[in-house]
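Listed below are the residues making up each chain.
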There are 2 protein chains.
Amino acid sequence: MEEGTSNSPSYSCRTEDDYGVMQWHVREDCEVRQILDRIADKWSLLVISLLDRQTLRFTQLKQEIDGISQRMLTTTLRHLERDGLVRRTVHPVVPPRVDYALTPLGATLHTTIQALVDWTEHHQPEIAAARAAYDAAAAQSAP
Amino acid sequence: MEEGTSNSPSYSCRTEDDYGVMQWHVREDCEVRQILDRIADKWSLLVISLLDRQTLRFTQLKQEIDGISQRMLTTTLRHLERDGLVRRTVHPVVPPRVDYALTPLGATLHTTIQALVDWTEHHQPEIAAARAAYDAAAAQSAP
DNA sequence: CAGAATCCTGTCGGATACTG
DNA sequence: CAGTATCCGACAGGATTCTG
């Protein structure tokens, strides 16, 4: 596989620095970043959302998630499985049948994520307004 | 500017589909994705974390965040400012002084984000164990 | 000091074709 | 059905240089 199974994190997370009192933020981020990368990539959040309701098969997921390629669905599911958030169950029948479900750990993550989703829906008008104001001001100064 | 000021979202968010009961997940994600992209990019979370404690200047942020380029600090701050999460204050002095602070909206986002950070720190051992188990099993079947 | 502009690279992710 | 294997374009983002 060309990607996804690498053990090296995407970000440097250097810890050899010692010149600032708040540098711990950077180190804290080393752990946060890994899970954040998991939930924040293009499709993981959708998958977790869907699986929170029910167990789904590969093809069902592909149909529910509009626009995903089977390549990205596969890698997304592998990532989630590796992190213990999703359980993959292969039924030894022909044609093959593979079920995906959230693990208990994955369910707790979904709960936490939901808070973020709620925040977004709640404050979306404010963000839209802020963007409109910003863009208007930018258009003003650069006509 | 080559990037960052584009109004088009990074993801397609197609809404013309109507073949599934759960397709709303995809539409819901259209709003979620935008704020998720904001907090999940490489540096925004760090910036929000730092500014939650105090107002900081550009150079202070650059020093606190180990490894960031001034290019990415600038674009990150512009994004956060555009979304109304960070307030940029220019003091008309020479040499120039620019302060960055969280807006009230940004502060509420930080609170929500903190729940995710806490989840991560709390469950990090489980994730690490799951990864180790997965990698061990993978090494087993592919020697 | 606080950036803007330019160049260049690695990586993400889509399209396609092939299997058990 | 549920993947794997390749190829390849787009874009995020680092290094560097230049200003008000």
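What you are looking at is a predicted structure, and each value in this text was computed from that prediction instead of being measured. (Residues numbered from 1 in each chain as written. Chains lettered and ligands numbered in written order. Predicted model: local features only at pLDDT ≥ 70, side-chain atom pairs only at ≥ 80, totals over all residues. Heavy atoms only, no water.)

### Regarding the protein's contact with DNA strand D
Note the cut-off: It suffices for a single heavy atom of a residue to lie within 4 Å of a molecule or strand for the residue to be listed as near it. Two N or O atoms count as a polar contact when they lie within 3.5 Å, although within protein this holds only if one can serve as hydrogen donor and the other as acceptor, and sequence-adjacent residues are included solely when both atoms are side-chain atoms. Numbering of helices and strands runs from the N terminus, with a helix taken as a DSSP run of H or I at least four residues long and a strand as a DSSP run of E at least two residues long. As a working rule, the residues Ala, Val, Leu, Ile, Met, Phe, Trp, Tyr, Cys and Pro are called nonpolar, Asp, Glu, Lys and Arg charged, and the rest polar, with Gly in that last group.
Residues in close proximity to DNA strand D total 23 residues, the closest being A:Thr59, A:Arg88, A:Tyr100, B:Arg71 and B:Met72. A share of 55% of the atoms of DNA strand D within 4 Å of the protein falls on sugar and phosphate groups. Note that a phosphate oxygen of DNA strand D is positioned 3.4 Å from one of the backbone N or O atoms of A:Val98. Those elements that place two or more of their residues in the surface near DNA strand D are α3 (58-64), α4 (70-82) and β3 (97-102) of chain A together with α4 (70-82) of chain B. The dominant element in the surface near DNA strand D, judged by the number of residues it contributes, is α4(A), at 4 residues. In terms of residue class, the surface near DNA strand D is made up of 8 nonpolar, 5 polar and 10 charged.

### Points about the UniProt feature "domain: HTH hxlR-type" (unreviewed entry) in chain A
Put simply, the rule is: UniProt positions are given in the numbering used here, feature names are shortened, and annotations may be inferred rather than shown by experiment.
The UniProt feature table records "domain: HTH hxlR-type" (unreviewed entry) at residues 30-128 of chain A. Across residues 30-128 of chain A one finds 67% helix and 14% strand; the C-alpha atoms that close the span lie 31 Å apart.

### Overview of helix α5 (residues 104-141) of chain B
Stated precisely, the cut-off is as follows: A helix is expected to span 1.5 Å multiplied by its residue count minus one. The angle separating two fitted axes, one through the seven residues that finish at a residue and one through the seven that start at it, defines the bend at that residue.
Along its 38 residues, α5(B) runs 52 Å from first to last C-alpha, staying within 8% of the 56 Å computed at 1.5 Å per residue. At B:His123, α5(B) shows its largest kink, close to 55°, and the proline B:Pro125 lies no more than four residues downstream.

### Side note on the protein's contact with DNA strand C
Every one of the 23 residues lining DNA strand C counts as a neighbour, but A:Arg71, A:Met72, B:Thr59, B:Arg88 and B:Tyr100 are closest to it. Sugar and phosphate atoms form 62% of the subset of DNA strand C atoms that lie within 4 Å of the protein. Measuring from a phosphate oxygen of DNA strand C, one finds a side-chain N or O atom of B:Arg78 at 3.2 Å. Those elements giving two or more residues to the surface near DNA strand C turn out to be α4 of chain A together with α3 (58-64), α4 and β3 (97-102) of chain B. Here the surface near DNA strand C gets 4 residues from one element, more than from any other, and that element is α4(B).

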